[in-house]
Amino acid sequence: MIRKFPVFLLAILLTVGSFYSPVVLAMEEGAGEVDDATQTQLHSEMESVLSEEVVAEALESEGEDISSGAAEEAENELQSIVEEIPGNSMMAASTRSVSYKSQFDANDNPLNAIVTDEAEYMLTFDVNRPGANHDGITTAYDDGWWVSGSPIHDENWDLTSFTVDIELHVAGQAETQVKQMSLTVNNSAAEPWDKYVWNGKVTFDAVGVPSQAVEVEYYTYDDGSLIKPHLFKYDLFLRKEADKVVLSIPKLKNTVIAYTEGDTSYKDVMLVENIETTEIKNVVYLNGTAGDDAADGRSPETAVRSFEKAKEIATANQAITEIIVIGTTAVEGAIDLDGTQATLVRGAGFHDYLLKVTTGKAASLSNIIIDGNSGENPDTKASLIKLERGSTLDITEGTVLRNNKLKTVYNSITNGGAIYAQSATINMTGGIIEENLANNGGGIFLNKSNMNFSGGIVQNNIAERGRDDGGIKTSGGGITLDKGSTLYLSGESRVQHNHSDEVGGGISVGSREWGPTNVLNMDGGIVQSNTSGGTGGGIFVQAKYFSGGASKAYISSGQILDNQMLGTGSTERVFGGGGIYVNGANQNYGVNGANGELYIKNLIMTDNTSKWEGGGYAACPITKTTIFVTDGTAIYGNTSEENKGNELYVLSSQAYGLHSGNPEYNLSQRMLGGVRYNWKYDNGTLLPDDQYEGKLEKSYEELSLNTDSEGNNLTAELGKVIISGNRSMTRGGGIGSNGTVVFGTDDELINISVTKIWEDNNNEDQKRPSSVTVHLVVVMNGQEYVIDTDILSSEDGWETTFDHLPKVHNGIQIEYTVKEEVVDGYQATTTGDVSTGFILTNSYEPTDPEEPTDPEEPTDPEEPTDPEEPTDPEEPTDPEEPTDPEEPTEPDQVTLPKTGEDRAGYLYLLAVLMLTAGLALLLGDKVKAKDA
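Residues numbered from 1 in each chain as written. Predicted model: local features only at pLDDT ≥ 70, side-chain atom pairs only at ≥ 80, totals over all residues. Heavy atoms only, no water.

(A) Representation of the overall build of the protein in the model. Scanning the protein from N- to C-terminus turns up nine helices and 66 strands. Taken across its 932 residues, the protein has 49% of its residues classed as buried. Residue pairs in contact within the protein that sit at least 24 positions apart in sequence constitute 77% of those at least 6 positions apart. On the protein, roughly 45,100 Å² of surface is accessible, and the fraction owed to carbon and sulfur atoms is 48%. (Helix = DSSP H or I, 4+ residues; strand = E, 2+ residues; numbered from the N terminus. Buried < 20%, exposed > 50% of the residue type's maximum accessible area, 1.4 Å probe, protein only. Contact = heavy atoms within 4.5 Å. Areas by Shrake-Rupley, 256 points an atom, 1.4 Å probe, with all protein chains shown as cover.)

Structure (structure tokens):
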């Protein structure tokens, strides 16, 4: 009796399927699983059917007498099977059945057609047919083809390898998708169960559908019988019905549900698994390698081939927001997305260049955003754009190259986050290159290439630390020049907020690989707020090692502001250089090294800081430092936290290997603008004149200098290069050097003599002052600038000389003159010139006494004025009628005086009596006088 349970169980399971059909998969977007509510409902309804009474009734209908215990055992067995059904799988027993022929009819119905252009979602799903090597698929095909001439049996009637086609028919579409399952026979397998390997899972992806709701149904033959389990081809059907799509798959004949206890795989049935519907973005796919401009571009399989075609589609459909590149695309001519709402984006999983300008071609970017989509592409290996040999790329306003981050892998150094140029030319007049990453050149990598950078911004790019067998290879957060490249920086160009884990936070003139000389020509632009872990927060200039040549930088105009050397790098960083670092190498160990070189003119270097020495400039052992007066530098107002060599610091040492040696220096007497440096040691003692040039011969000998001088108005006028606000966590806040640095131009200097002559008859009137003040003046662009002042007196013979003065500025002769402060009583004249000297002649001019002035004429007296007429007296007014006296009031009740009040009352009475007596006497006298 129990042996018949599987048959009855299958019948009951099919009954459950009939109760619960159709099943609509309530898929959460992107989850690919039945939601909890649907799964709970499915299991609940199955449990309600699989009761003890139902099982007993089914068995009784087969004529079997079963005890309640046996029924309960059957119920439990089915319940365990139900619980093992994966939540995101569908099996035949849980869906409705339709006929085979009806599927073709349904797919031929125009109302059910799935139109590609109307697709709003991409459908992806797996079809799985699990099978046991011995019991499932092998049994089905072995039994099904046990006939003479079987195509899948060998001469020994053993199965051979074969494939099974699974073909998807989409309603309204002529083309189908075909996937293959397969059985592979390994006759050399040691164990029988390893002989047959069944690959029974296929994936259908990127099928455009109009709805997110997907319903799965199973079909049978037209007579209702199950589909044979041993066919070589099975059909799937996909169609639209109202607001959903329906997927029909064959309902296979099945005899065994699970292999072993706890196994959740199922034999001889088709399962639909991992259904996902992803909303279709309004995009165009571009594949310059395998695309076809005759395609519609709506899917990776139908990608277009040319940028022009992709733009055409995006222009026609303003809802398109992305052109997704999944194959490197060659471009030339004008490349823009004017008239569209689209951005050019790296496709997920595509790691090669997006665009390339091929050999000898030219392209111009404008009004286009190209995005590396780094969030979905952690394994990106190539730049956004590659420039091949002899090609040219113009980057103009509206261009943005962003968010392309190359994966750092040991022994696989990456170059150029946004652009990799190989023997090519870049002209950048506008646009932004930002948020890219590579080991060298986070934004741009120039390999034997030239870049003319006069406008636009390179910002927020990163050179991440990379290593290979040769060591650390990291340079140029913004731009790296390598293998003989040249960068022309000018105009409104900006390199800002970039970072390198090692050298050259903003620009690296040379990488950490030796090779031909690289050159930076900076005649404008701004390098600002960049950081490096090692040397050169703003700019790094590489030395020569072994072969090739040292790199060079020529800076005549521009600003290098607020950059930092952080002291976090793995490479040597002792003389860090917040603004600029110039590297150098000696001849030791067969390296055949040579110093990198920096030539800088008309520089103002102020307000820079270092943690150790050299707030302005710090030079290490093999440095050659020359500061010329002509087109020179004004170094002042810098700070070291150790208060040592605030402006300038030079060290001799043999402790730095390839960088050890004895530094040479030559300092100028005057800074840019003519102000005297008056260099002094840290203790305040003035540097002797014979120490302005020299070489530090002793190990650990140092030259640590400061100045109290500051630039003047002419300094501000002449300063074309500003290095300010930079910081080093070691030495060299403004500039750090291990190479050769030349400030200014080596040109002729002049001395200007001044002589004072007095023409005052040997000071006959004793009016000559004891000294006079004389100013040396430069006249430039119609303005006068006082650059030096001296006091002349008899002690120095009324003579002085202004020395160490530049003769020219930027190749133009400087106009000098002298002026003295006014001396009372003398008329001053100036004769002579720069070459012969100036003569100031003061001629005494005594002043004549002033002539007396005539007295003023007396003025006539004013005429007397007539007296005013007297005014008539006013008429007397009649007296007012007397008013009747008021009735006397009753006196208040007499109160007794308080203590002391009796004395006051007596005094008051006495005063009244005396007043009365006095009036009487007065009246008496008046009467007597009248009588007399």
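So much for the structure itself; the text now carries on.
(B) The side chain of Asn842, seen in detail. Tracing the chain through its elements places Asn842 in strand β66 (residues 837-844). Leave out the neighbours within four places in its chain, and Asn842 touches Lys756, Ile757, Trp758, Glu759, Glu820, Val823, Tyr826, Gln827 and Ala828.

(C) Fine view of the sheet that holds strand β29 (residues 462-463). With parallel pairing, eight strands are arranged side by side in an open sheet as β26-β29-β34-β37-β40-β55-β44-β48. Each having just a single partner strand, β26 (437-438) and β48 (639-640) make up the two edges of the open sheet. In the sheet, strand β44 (residues 609-610) pairs with β48 via two bridges, with the strands oriented parallel. Each residue of the ladder has a partner; that of Ser610, found in β48, is Ser640. (Pairing = 2+ DSSP bridges.)

(D) Spotlight on the pattern of salt bridges. Counted under the stated rule, the structure contains 29 salt bridges. One salt bridge connects Arg402 with Asp371, and the closest N-O pair in it is separated by 2.9 Å. Within this pair, whereas Arg402 is found in strand β23 (residues 399-402), its partner Asp371 is found in strand β20 (residues 368-371), the two being separated by 31 residues in sequence. The salt bridge involving Asp708 is made with Lys680; its shortest N-O contact spans 2.4 Å. Highlighted residues: Asp708 in the loop between β53 (702-706) and α8 (713-718) and Lys680 in strand β51 (residues 680-681), separated in sequence by 28 residues. (Salt bridge = Lys/Arg side-chain N within 4 Å of Asp/Glu carboxyl O.)

(E) Region of the structure containing helix α6 (residues 137-144). By the burial criterion, the buried members of α6 are Ile137, Thr138, Ala140 and Tyr141. Taken down its axis, α6 places every buried residue within 165 degrees of arc, on the same side. Those residues of α6 that are buried are in contact with β5 (162-170), β6 (177-185), β7 (196-199) and β10 (233-241). (Arc of directions from axis to C-beta.)

(F) Broad picture of a negative patch on the surface. Where like charges cluster on the molecular surface, the negative patch consists of Asp117, Glu118, Glu120 and Glu279. In this structure, Asp117 sits in the loop between α5 (100-108) and β4 (121-128). Judged by relative accessible area, Asp117 falls into the exposed class, the value being 57%. (Patch = residues over 30% accessible without salt bridge, like charges linked within 9 Å, V, L, I, M, F, W, Y side chains within 5 Å. Lys, Arg positive; Asp, Glu negative; His and termini not counted. Charge placed at Lys NZ, Arg CZ, Asp CG, Glu CD.)

(G) Just the environment of Glu492, in detail. Turning to its location among the elements, Glu492 is positioned in strand β33 (residues 486-496). Between the C-alpha atoms of Glu492 and Gly430, which are 62 residues apart in sequence, the distance is 8.8 Å. Not counting chain neighbours up to four residues away, the residues in contact with Glu492 comprise Ser454, Gly455 and Gly456.

(H) Spotlight on unusual backbone geometry. Even without being glycine, Trp157 reaches a positive phi, approximately 60 degrees. In this structure, Trp157 sits in the loop between α6 and β5. Positive phi is not limited to glycine here, since Asp562 has a value of about 60 degrees. Tracing the sequence through the fold places Asp562 in the loop between β39 (552-561) and β40 (564-565). A residue is classified by how much of its surface remains accessible, and Asp562, at 35% relative accessible area, is partly exposed.

(I) View of the side chain of Asn583. Inspection of the secondary structure assignment puts Asn583 in the loop between β41 (580-582) and β42 (597-600). In this structure Asn583 comes out as buried when scored by relative accessible area, which is 8%. A polar atom in the side chain of Asn583 sits 2.7 Å from the side chain of Gln542. (Polar contact = N/O pair within 3.5 Å; in protein donor to acceptor, adjacent residues only side chain to side chain.)

(J) Looking closely at the nonpolar core. Ranked by size, the top nonpolar core spans 113 residues in total, and within it Ile385, Ile419, Ile479, Ile539 and Leu667 carry the most contacts. The element contributing the most residues to this core is strand β59 (residues 771-780), with five residues. Those residues in contact with Ile385 that sit more than four places away from it in its chain are Tyr353, Leu355, Leu365, Ile370, Leu393, Leu401, Ala418, Ile419 and Tyr420. Residues Val98, Phe125, Tyr141 and Val170 belong to the second largest nonpolar core, which totals 41 residues. (Core = buried A, V, L, I, M, F, W, Y, C linked by side-chain atoms within 4.5 Å.)

(K) Expanded view of the sheet that holds strand β61 (residues 799-806). Overall, mixed pairing links the four strands, which are arranged β61-β58-β66-β65 in an open sheet. Among the strands making up the open sheet, the edge pair consists of β61 and β65 (826-833). Averaged over all neighbouring strand pairs, the angle between strand axes comes to 20 degrees, with direction disregarded. (Axes fitted to C-alpha atoms, helices over the stretch in contact; angles between N-to-C directions.)

(L) Structural context of the pairing of β39. Both strand β36 (residues 519-528) and β39 contribute to a ladder of eight bridges, which runs parallel. Paired with Met522 across the strands is Ile555, a residue of β39. Here four bridges tie β39 to β42, and the two strands are oriented parallel to one another. From the neighbouring strand, Ile555 faces β42, where its bridge partner is Ile600.

(M) Quick peek at the confidence of the model for the protein. Taken as a whole, the protein shows an average pLDDT of 84; of its residues, 78% reach a score of 70 or greater. In this model, residues 887-912 is a region of pLDDT below 50 whose contacts with residues beyond four sequence positions or in other chains number two contacts. Predicted confidence for residues 918-932 stays below pLDDT 50, and this span has zero contacts to residues more than four positions away or in other chains. (pLDDT = per-residue confidence, 0-100.)

(N) Seen up close, helix α7 (residues 307-316). Residues of α7 that are buried: Phe307, Lys309, Ala310, Ile313 and Ala314. In a view along the axis of α7, the buried residues occupy a sector of 165 degrees, so they form one face of it. Summarising the contacts, the buried residues of α7 are in contact with β13 (283-287), β14 (322-327), β15 (329-330), β16 (333-335), β17 (343-346) and β20.

(O) Structural context of the environment of Tyr420. The residue Tyr420 is located in strand β24 (residues 419-422) in this model. What makes Tyr420 buried here is its relative accessible area of 13%. With near-sequence residues (within four places) excluded, Tyr420 lies in contact with Tyr353, Ser383, Ile385, Lys386, Leu387, Asn415, Phe445 and Asn447. A polar side-chain atom of Tyr420 sits 3.0 Å from a polar atom in the side chain of Asn447.

(P) Summary view of the packing of aromatic side chains. Across all of its chains, the model carries 21 aromatic pairs by this definition. Between the aromatic rings of Tyr100 and Tyr219, the centroid separation amounts to 5.0 Å while the plane-to-plane angle is 0 degrees, which identifies the pairing as stacked. In this pair, Tyr100 is assigned in helix α5 and Tyr219 in strand β9 (residues 214-220), connecting sequence segments 119 residues apart. Given a relative accessible area of 25%, Tyr100 falls into the partly exposed group. Ring geometry for Phe575 versus Tyr656: centroids 6.3 Å apart, planes at 75 degrees, classification edge-to-face. With a gap of 81 residues between them, Phe575 in the loop between β40 and β41 and Tyr656 in the loop between β49 (648-651) and β50 (664-666) connect regions that are remote in the sequence. The ring of Trp758 is capped by Lys756, whose NZ or CZ atom sits 5.3 Å from the centre of that ring. (Phe/Tyr/Trp six-rings, centres within 6.5 Å; stacked < 30°, edge-to-face > 60°. Lys NZ or Arg CZ within 6 Å of the ring centre and 35° of its normal.)

(Q) Expanded view of the pairing of strand β27 (residues 444-447). Judged by which residues are buried, β27 turns out to be covered on both faces: Ile444 and Leu446 on one side and Phe445 and Asn447 on the other are all buried. Judged from the four bridges that link them, β24 and β27 form a sheet pairing that is parallel. Residue pairing for β27: Ile419 is matched across the bridge by Ile444. As paired strands, β27 and strand β32 (residues 479-482) are joined by four bridges and run parallel to one another. Within β32, the position partnered with Leu446 by the bridge is Leu481.

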